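Structural overview for review
Below are the chains, spelled out letter by letter.
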Amino acid sequence: MLLQLNSVSTSYGKIKMLDKVCLSVDTGEVVCLLGSNGAGKSTTIKTILGMVKSNNGQILFDGQDIGKMKTYEVIRKGISVAPEGRRLFPRMTVEQNLEIGLAANQEDSAELKDRVYQLFPVLKDRVNQAAGTLSGGEQAMVAISRALMQKPKLLILDEPSFGLAPLLVEAFYNTIIEISRQGTTILLSEQNAGKALEVSDRGYVLQKGAIYASGTKQELMENDLVRKCYLG
Ligand SMILES: Nc1ncnc2c1ncn2[C@@H]1O[C@H](COP(=O)(O)OP(=O)(O)OP(=O)(O)O)[C@@H](O)[C@H]1O
Ligand SMILES: [Mg+2]
């Protein structure tokens with residue numbers, strides 16, 4: 001397994017937010033983390049990244065215990081994230097935002113930029129535009145592109161299609177499939193279960209900070225709870 005959470009619990013102060021979460025992602029997989037508002041998806045991601053400290057359990061990445069590492073150390077191990085809300089630097093250009101994603105001393109910056117411009121051709125015409133003036137869809141593309149610049153072993157996407165028009169979501173998800181085909185392992189957090197399951201191999205459903213259901217794409221699509229609560 002590339003990433004493994006063994007019974008991870010996290011609290012904000014005295015309030016327990018994640019309760020014995022077990023989750024794994026194998027190399028080459030696309031795994032989705034489903035759940036409604038406040039279920040704990042972003043908290044799970046922040047815990048993996050060391051932005052929130054777990055108080056119990058174990059987090060293994062690439063065979064190493066990363067549970068006590070600082071965020072920058074976790075990122076150096078090869079995890080990168082397109083965070084909730086995108087968090088671009090609005091006054092910097094698209095190109096500058098991408099360069100922030102580069103790992104230190106990375107020499108193939110031009111190649112990496114070419115790769116993301118191939119994935120998201122519209123960005124090529126916007127390289128010198130301030131990120132804050134981009135459309136919502138374009139900003140979502142820059143957030144993923146920035147995360148790809150460090151050639152992560154694991155790419156984490158926290159609600160990447162949030163706020164996008166349905167037609168754009170479709171195109172966006174096709175690009176996520178393409179990123180996976182090119183060899184990047186993906187953990188995808190989504191409220192939009194239908195769309196996320198379509199592109200995923202497996203998934204987990206979080207409810208009130210605990211894993212409520214898990215399984216292959218097929219198993220989750222046939223699961224009564226998932227159908228009722230998340231697939232409409
Ligand atoms: N820093 C914090 N301090 C206290 N409580 C927090 C903090 N951050 C998040 N929470 C709470 O933890 C719970 C889980 O939040 P989280 O952001 O992980 O949910 P989520 O599944 O990502 O939801 P959404 O789909 O709305 O982004 C929520 O009830 C939230 O209010
Ligand atoms: Mg969230």
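Summarised in this report is the structure supplied together with it.

The rules behind each value
- Residues numbered from 1 in each chain as written.
- Chains lettered and ligands numbered in written order.
- Predicted model: local features only at pLDDT ≥ 70, side-chain atom pairs only at ≥ 80, totals over all residues.
- Heavy atoms only, no water.
- Donors = N, O, S within 2.8 Å, 3.2 Å for Na, K, Ca; no water.
- Helix = DSSP H or I, 4+ residues; strand = E, 2+ residues; numbered from the N terminus.
- Buried < 20%, exposed > 50% of the residue type's maximum accessible area, 1.4 Å probe, protein only.
- Pairing = 2+ DSSP bridges.
- Axes fitted to C-alpha atoms, helices over the stretch in contact; angles between N-to-C directions.
- Contact = heavy atoms within 4.5 Å.
- Near = heavy atom within 4 Å.
- Polar contact = N/O pair within 3.5 Å; in protein donor to acceptor, adjacent residues only side chain to side chain.
- Areas by Shrake-Rupley, 256 points an atom, 1.4 Å probe, with all protein chains shown as cover.
- 1 Å grid on protein atoms, 1.4 Å probe; cavity = no way out; pocket = protein on both sides within 12 Å on 5 of 7 lines; lining within 4 Å.
- Sits in = over half its atoms within 2 Å of the grid points.
- Points joined across faces, edges and corners; volume = space filled by probe spheres on them.
- Nonpolar A, V, L, I, M, F, W, Y, C, P; charged D, E, K, R; others polar.

**Topic: the coordination of the magnesium ion (ligand 2)**
Protein ligation of the magnesium ion (ligand 2) involves Ser42 (OG) and Glu84 (OE), the donor distances falling in the range 2.0 to 2.4 Å. One end of the pair, Ser42, is in helix 1 (residues 41-48); the other, Glu84, is in the loop between strand 6 (79-82) and helix 3 (94-100), with 42 residues separating them in the sequence.

**Focus on the pairing of strand 9 (residues 202-207)**
Within a regular strand, the side chains alternate between the two sheet faces. Among the six residues of strand 9, five are classified as buried, and the element is accordingly described as predominantly covered. Sheet topology note: the strand 3 (residues 30-34)/strand 9 ladder contains four bridges and is parallel. When the bridges of strand 9 are listed, Cys32 appears paired with Gly203. As paired elements, strand 9 and strand 10 (residues 210-216) share six bridges and run antiparallel to each other. Residue pairing for strand 10: Val205 is matched across the bridge by Ala213. Counted between consecutive antiparallel strands, the loop separating strand 9 from strand 10 contains two residues, among which Lys208 sits at a positive phi close to 45°.

**Looking at the sheet that holds strand 10**
Across the sheet, which stays open at both edges, the six strands sit in the order 6-7-8-3-9-10 with mixed pairing between neighbours. Whereas interior strands pair on both sides, the edge strands pair on one side only; in this sheet they are strand 6 and strand 10. Each strand axis lies, on average, 15° off the axis of its neighbour in the sheet, ignoring direction. The strands touched by helix 5 (residues 136-148) within the sheet are strand 6 and strand 7 (154-158), with strand 6 carrying the most contacts at an inclination of about 170°. Most of the contacts of helix 6 (residues 166-181) go to strand 8 (residues 185-190), to which it runs at about 155°, and overall it touches strand 3, strand 7 and strand 8.

**Things to note about the site of ligand 1**
The environment of ligand 1 is made up of 13 residues, and the closest members are Asn37, Lys41, Thr43, Glu84 and Glu159. One nitrogen or oxygen atom from the main chain of Gly40 is found 2.9 Å from an oxygen atom belonging to ligand 1. Taking Glu159, its side chain carries an N or O atom lying 2.6 Å from an oxygen atom of ligand 1. In isolation ligand 1 exposes 640 Å². Once the protein is present, 61% of that is buried. More than half of the atoms of ligand 1 fall within 2 Å of the grid points belonging to the second largest pocket.

**Side note on the layout of surface pockets**
To locate leftover empty space, one rolls a probe as large as a water molecule over the atoms. Of the volumes computed, that of the largest pocket is approximately 690 Å³. As for the largest pocket, its lining consists of 28 residues, of which Thr71, Ile75, Ser80, Val81 and Gln150 are closest to the centre. Of all the secondary structure elements, the ones that give two or more residues to the lining of the largest pocket are helix 1, helix 2 (71-77), strand 6 and helix 5. With four residues, the single largest contributor to the lining of the largest pocket is helix 2. By residue class, the composition of the lining of the largest pocket is 15 nonpolar, six polar and seven charged. Approximately 270 Å³ is the volume found for the second largest pocket. Contributing to the lining of the second largest pocket are 18 residues, with Gly38, Lys41, Ser42, Glu84 and Glu159 lying nearest its centre.

Read these as geometric descriptors, not functional statements.
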